[in-house]
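Listed here are the chains, written in short residue letters.
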Amino acid sequence: MIFRELNRGKCKTYLAISEASRKAAIIDPLRDKVDRYLAVLAYHGWRLDSIIDTHTHADHRSGAMELGELAGAPVVMHRLAPAPHVSIHVEDGQPLKVGDEELRVLHTPGHTPDSISLLAKDRVFTGDVLFIHGTGRSDFAGGDAGIQHDSIMGKLFTLPDEVLVFPAHDYRGHTQSSIGEEKRSNPRLAGKTRDDYINLMNNLGLPLPDGIQEALQPNQSDLDPGALKFPTLSQLNQVRQLSAAELLDRIASTNPPMLIDVRGEDEYRGELGHISGAHLIPLKELPERTDELANAKGRDIVAICRVGVRSATAAAILTGLGFEQVWNLKGGMIEWKDAQLPVER
Ligand SMILES: [Fe+2]
């Protein structure tokens, strides 16, 4: 297997190529470099077997969906990824074929719930979980410093010391490290306890990236910024959450809520199914179709999607449009299904 880094910038995009079959996987493509990736692939005669995003990116637009359409290759992400364009959802330990070679998925949440690392021969692609002499921030939605520490200590740092480390970002001109080197000298981890790490990460005081909503919302919903007026982060933070068990109780009550499923029709009828009685209004169409919620007067509205991310956006939009009793199903249909609650298709 041979490897290339394609951007030579602070955001890293890697190719893993099986030489014998000339098939390749691309990891974390940027949207504004898709043409360049296609040119590199064509020049060498490599065919894309898969397009992998290590997580839902908040700092740049992902090129995965566009590249998937242009190259006819499936987009691969962890099962907790919110975006509808993902065609293969993977879990911890799962092998991913690249021609006659293989990458192995490690679920390494903490930067985001859907963060994966990819183990390939002599190296591991660590996404934004572990950087060279640093770690990815854990203060975006769904991030958790303690969980990130567990991912690094329990998964990445149990790999052999000589395994090379290739992160999705580097801001200081490094190109690679190793597990042993990071264990010895990563300033956020070496000689620090889990509590030290949580304390450090929760007090970094970093500003949010410029245009975080403009990158994050399209990456997690497949919608262009022009397609919808996305809520602000503070509107999103005010969304009230319901667990699957709480929603089940409310559905059985004398005044059950109106359920609005904001996924695409293919997802609504797909593998995860939908909750009985849930009314399908894809997120993109929600602002124009609020007249369908007229009979929700005096009832609660619960927004539902795959993992509770797009539906949080929907709940914030509805609240902004004057609906007062709006809730989000936390964890979405994934948690509903994991709790073995009934679905329809
Ligand atoms: Fe990231």
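Residues numbered from 1 in each chain as written. Predicted model: local features only at pLDDT ≥ 70, side-chain atom pairs only at ≥ 80, totals over all residues. Heavy atoms only, no water.

1. Here's the deal with the sheet that holds strand E19 (residues 326-329)
Across the sheet, which stays open at both edges, the five strands sit in the order E15-E19-E18-E16-E17 with parallel pairing between neighbours. Of all the strands in the sheet, the pair left with one neighbour each is strand E15 (240-242) and strand E17 (279-280). Pairing between E15 and E19: three bridges, direction parallel. Counted as the bridge partner of Arg 240 is Trp 327 from E19. Across the sheet, helix H8 (residues 244-251) touches E15, strand E16 (258-261), strand E18 (301-304) and E19, and the angle it forms with E15 is around 80°. With respect to the sheet, helix H10 (residues 310-320) is in contact with E18 and E19, its orientation differing from that of E19 by roughly 180°. (Pairing = 2+ DSSP bridges. Helix = DSSP H or I, 4+ residues; strand = E, 2+ residues; numbered from the N terminus. Contact = heavy atoms within 4.5 Å. Axes fitted to C-alpha atoms, helices over the stretch in contact; angles between N-to-C directions.)

2. Some details on the coordination of the iron ion
Protein-derived coordination of the iron ion comes from His 55 (NE2), His 111 (NE2) and Asp 128 (OD), at a distance range of 2.0 to 2.4 Å. Read N to C, the donor residues that coordinate the iron ion are spaced as H-x55-H-x16-D. Separated by 56 residues along the polypeptide, His 55 in the loop between strand E4 (47-52) and helix H2 (64-71) and His 111 in the loop between strand E8 (101-107) and strand E9 (116-120) bring together distant segments of the chain. As far as burial versus exposure is concerned, His 55 and His 111 are alike and both buried. (Donors = N, O, S within 2.8 Å, 3.2 Å for Na, K, Ca; no water. Buried < 20%, exposed > 50% of the residue type's maximum accessible area, 1.4 Å probe, protein only.)

3. Topic: the pairing of strand E7 (residues 95-98)
Of the two faces of E7, only the one carrying Leu 96 and Val 98 is buried; Pro 95 and Lys 97 on the other face are not. In this structure, E7 lies alongside E8, joined through four bridges in antiparallel fashion. Bridge assignment links Leu 96 to a residue of E8, and that residue is Leu 103. Hairpin connection from E7 to E8: two residues lie between these consecutive antiparallel strands, with Gly 99 at a positive phi of about 60°.

4. Quick look at the sheet that holds strand E5 (residues 75-78)
The strand order across the open sheet formed by six strands is E1-E2-E3-E4-E5-E6, and the pairing between neighbours is mixed. Edge positions in the sheet fall to strand E1 (2-5) and strand E6 (88-90), since each has one partner strand and no second. Between one strand axis and the next, the sheet turns by 25° as a mean value, whatever way the strands run. Pairing geometry for strand E2 (residues 14-18) and strand E3 (residues 23-27), over five bridges, is antiparallel. Bridge pairing links Leu 15 to Ile 26 in E3. Along the sheet, H2 makes contact with E3, E4 and E5, crossing E4 at roughly 155°.

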